[in-house]
Amino acid sequence: MQDQWLAKPTTASAVALNQIAVAGIVALLGISYMFNSMDRQVFPALLSAIIPQYGLTLPQAGFVSTVFTVMGAIFGAFSGWFMARFGRKPVLVGGLFVYSLFTFVTPLATDFTTLSIYRTLTGAGEALQIGAVYACLGGYFAARRGTFMGLVQAFFGLGALLGPVVGARLFVWSGAWQVPFYVFGVTGILMATIIAAAVPREFSDASEAAAVVSASGHDAAFSALLSRNVLLVTAAFFLVGTAFFSYTSLYATYLHDQLGFSISEAGTSLGMYGVGALGGVFGGWLGERLGRIGVLACLVVLAASGFALFNLAVSASAHAALSVLFGLMISGFLFARLMSMLQLSAHPERIGAVVAFGLGGFYTPGPFAGYLFGKLVVLFGWGAASIVMVTLPALMAATLMSLFDTRKMRGA
């Protein structure tokens, strides 16, 4: 039974692959997602070293830290179209290659404008890759999608840990903030090459047959793409994204400028987010069992931990613990669970489309979250700004998800 659990697909039209092959494919998808996370987290971790070179103001620093989400929102929203037009595997490989390439060229920026452009273009590749990863997992592991999405999300956590920590140490070793971007860019391009050669179409293109829904007697319930459940989860993604990008954009800067942490110490505290995100190993499985109550509880804990990070905690140990908790809530539980709820609220043939809604919702606040957070800090201070940009969005998401109808999910 243990062998079948991994090797046998839970979709009506997927082809069963060898257990070792499936484990290797899931590992490759996870590692590719890890590099995505490393690129995303290393920039804010090194922001205090980047600011002087380009003469950035705090709002500009917050903006350039999250500007990749401009293209992330656009290409995330259209990722379903790209997958329908070109297939999941080409979109996965292409997205990985694009963001790795622009990670590599980031240090070549000459001013604020070119730096913003290069960081923006990394978002296009990131969104396409993430959309393809979750569509592949949802297509092959339909009945267990939450478990495997959580497992791959744990790799994001590993990258969120390694990105700031390795990046900061490469900076200390080399004396140049540019070195981590060259290293991460090259390794990402190599990973794209490996996935292109190793991931078979039998896995990437697997999908649930429409008969799965018809047999449940709920086909009509999923005929409308923009159902109430889909809209609620998309809005929740938007609010969680607001809290996440506000935190990642300026948290390390807050630790360095406000609390006096060194760049290496601030990067380590930011990297502890990734330790919490490793909770995705069991978070996806747990989310399938806790249902809506688990989502609501996590959103409330997220709001509380976000408040404590910018208003209460002072010591390095307190910040490490709270960053772990913050990462556990978003990447260890909520991201995979919300994505699973989206897919289970729509027709199987529309997995790519609803994944695009989720990614679009999550990335859309990114372009203004960092800038607005920085602006509010200048006007009102870190405490008040963090309440508006980190705490309140999580509480609003909890309110919306209390209206989610679990009876209108496939398998309910």
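Along each chain, the written sequence defines residue order, and numbers are assigned to residues from 1. Residues qualify for local features only when their pLDDT is at least 70, as the model is predicted, and side-chain atom pairs are given and counted only at 80 or more; totals for whole chains, interfaces and linings, by contrast, use all residues. Heavy atoms from the whole structure form the basis of all side-chain values; hydrogens and water molecules are not counted.

### Things to note about the overall build of the protein chain
Here a helix means four or more residues in a row that DSSP labels H or I, a strand means two or more in a row labelled E, and each is numbered from the N terminus. Scanning the protein chain from terminus to terminus reveals 19 helices and zero strands. Only protein chains enter the calculation, and the probe is 1.4 Å; a residue is then buried if its accessible area is under 20% of its type maximum, exposed if over 50%, and partly exposed in between. Within the span of the protein chain, comprising 412 residues, buried residues form 60% of the whole. The contact definition used throughout considers only heavy atoms, calling two residues in contact when any of these lie within 4.5 Å. If you take every contact in the protein chain between residues at least 6 apart in sequence, the share linking residues at least 24 apart comes to 85%. Each accessible area value is a Shrake-Rupley result obtained with a 1.4 Å probe; residue values ignore everything except the protein chains displayed when judging cover. Roughly 14,500 Å² of accessible area belongs to the protein chain as shown, and the carbon and sulfur atoms make up 70% of that amount.

### Topic: a nonpolar patch on the surface
Like-charged residues are merged into a patch within 9 Å and nonpolar side chains (Val, Leu, Ile, Met, Phe, Trp, Tyr) within 5 Å, provided each residue has over 30% relative accessible area and no salt bridge. Each salt bridge in this description consists of a side-chain nitrogen of Lys or Arg and a carboxyl oxygen of Asp or Glu lying within 4 Å of one another. Residues Val 300, Val 388, Leu 392, Leu 395 and Met 396 make up a contiguous nonpolar surface patch of roughly 410 Å² in combined accessible area. Looking at the nonpolar patch, the element that brings in the most residues is helix α19 (residues 382–401), giving four residues.

### Observations regarding the pattern of salt bridges
Two side chains bearing opposite charge may form a pair once their charged atoms approach each other closely. Applying the stated criterion across every chain, the model contains one salt bridge. For the salt bridge of Asp 39 with Arg 119, the shortest nitrogen-to-oxygen distance reads 3.4 Å. Within this pair, whereas Asp 39 is found in helix α2 (residues 19–45), its partner Arg 119 is found in helix α8 (residues 112–140), the two being separated by 80 residues in sequence. For Asp 39, a relative accessible area of 1% translates into the label buried.

### Here's the deal with α2
For α2, which comprises 27 residues, the first-to-last C-alpha distance of 38 Å matches the rise-based estimate of 39 Å (1.5 Å per residue) to within 8%. Most of α2 sits out of view: 20 of its 27 residues are buried. The span you would expect from a helix comes to 1.5 Å times its residue count less one.

### Observations concerning the packing of aromatic side chains
Only Phe, Tyr and Trp rings are paired, with Trp represented by its six-membered ring, and only when their centres lie within 6.5 Å; those with planes under 30 degrees apart are stacked, over 60 edge-to-face, the remainder tilted. Tallying each qualifying case throughout the model produces 33 aromatic pairs. Taking 5.7 Å as the distance between ring centres and 70° as the angle between the ring planes, the aromatic pair formed by Phe 68 and Phe 245 counts as edge-to-face. In this pair, Phe 68 is assigned in helix α5 (residues 68–77) and Phe 245 in helix α13 (residues 228–257), connecting sequence segments 177 residues apart. Side by side, Phe 68 and Phe 245 carry an identical accessibility label, which is buried.

### With respect to the side chain of Thr 234
Tracing the chain through its elements places Thr 234 in helix α13. With relative accessibility at 18%, the residue Thr 234 sits in the buried group. In this structure the side chain of Thr 234 is engaged in a polar contact, spanning 2.8 Å, whose partner is the backbone oxygen of Val 230. Sequence-distant contacts of Thr 234, defined by excluding residues within four places in its chain, comprise Leu 342, Phe 357 and Gly 361. Pairs of N or O atoms are called polar contacts if they sit within 3.5 Å, as long as, within protein, a hydrogen donor faces a hydrogen acceptor (for residues adjacent in sequence, only side-chain-to-side-chain pairs).

### What to know about the side chain of Ser 331
When you line up the elements, Ser 331 lands in helix α16 (residues 316–344). Within the local environment of Ser 331, its side chain forms a polar contact with the side chain of Tyr 273, the two groups lying 2.7 Å apart. Setting aside chain neighbours within four positions, we find Ser 331 in contact with Gln 153, Phe 156, Tyr 273 and Ala 277.

### As for the environment of Thr 391
Position of Thr 391 relative to the elements: it lies in helix α19. The class of Thr 391 is buried, set by a relative accessible area of 9%. Distance from Thr 391 to Leu 302, taken between C-alpha atoms, is 7.6 Å for residues 89 residues apart in sequence. For Thr 391, the residues in contact, after removing those within four places along its chain, are Ala 303, Gly 306, Phe 307 and Ser 386.

### Quick notes on the confidence of the model for the protein chain
A residue's pLDDT is simply how confident the predictor is in it, with values from 0 to 100. Confidence in the prediction of the protein chain, expressed as mean pLDDT, is 81, and 86% of residues score 70 or more. Taken as a whole, residues 1–5 scores under 50 in pLDDT and shows five contacts with residues more than four places along the chain or in a different chain.

### Some words on the packing of α13 against helix α18 (residues 366–380)
For helices, the fitted line uses only the C-alpha atoms of the stretch in contact; every axis is such a line through C-alpha atoms, and the angle between N-to-C directions lies from 0 to 180 degrees. Across the interface, α13 lies against α18 with an axial gap of 8 Å and an inter-helix angle of 55°. In this view, α13 runs oblique relative to α18, as classed from their interaxial angle. Where α13 crosses over α18, the handedness of that crossing is right-handed. Across from Phe 238, Thr 242, Phe 245, Ser 246, Ser 249 and Leu 250 in α13, the residues of α18 making contact are Gly 366, Phe 368, Ala 369, Gly 370, Phe 373 and Gly 374. Charged residues are taken to be Asp, Glu, Lys and Arg, nonpolar residues to be Ala, Val, Leu, Ile, Met, Phe, Trp, Tyr, Cys and Pro, and polar residues to be all remaining types, Gly included. Its residues assigned to classes, the contact of α13 with α18 shows six nonpolar, six polar and no charged. If an angle is under 35 degrees, it is roughly parallel; if it is over 145, roughly antiparallel; if it lies from 65 to 115, roughly perpendicular; otherwise it is oblique. The crossing is said to be left-handed when, going from far helix to near helix, the turn is anticlockwise and less than a right angle, and right-handed when the turn is clockwise.

### Concerning the environment of Gly 24
Along the polypeptide, Gly 24 turns up in helix α2. We classify Gly 24 as partly exposed; its relative accessible area is 32%.

### A closer look at helix α3 (residues 47–54)
Of all eight residues in α3, six are buried, a share of seventy percent or more. The first or second residue beyond α3 is Gly 55, which carries a positive phi of 60°.

### Looking at the environment of Leu 161
Tracing the backbone through its elements, the reader meets Leu 161 in helix α9 (residues 145–174). Assessed through its relative accessible area of 19%, Leu 161 is described here as buried. Along the backbone, Leu 161 and Gly 276 are 115 residues apart, and their C-alpha atoms lie at a distance of 9.0 Å. Residues in contact with Leu 161, not counting those within four places in the same chain, are Gly 271, Met 272, Gly 274 and Val 275.

### What about the packing of α2 against helix α10 (residues 178–198)?
Describing two packed helices takes the angle between their axes plus the distance from one axis to the other. Between α2 and α10, the least distance of the axes is 10 Å, while the angle of their chain directions is 160°. Relative to α10, the element α2 is oriented roughly antiparallel. The element α2 and its partner α10 pack so that their crossing is left-handed. Residue-level inspection shows Leu 28, Ile 31, Ser 32, Phe 35, Met 38, Asp 39, Val 42 and Phe 43 of α2 in contact with α10, the latter providing Pro 180, Phe 181, Phe 184, Thr 187, Met 191, Ile 194, Ile 195 and Ala 198.

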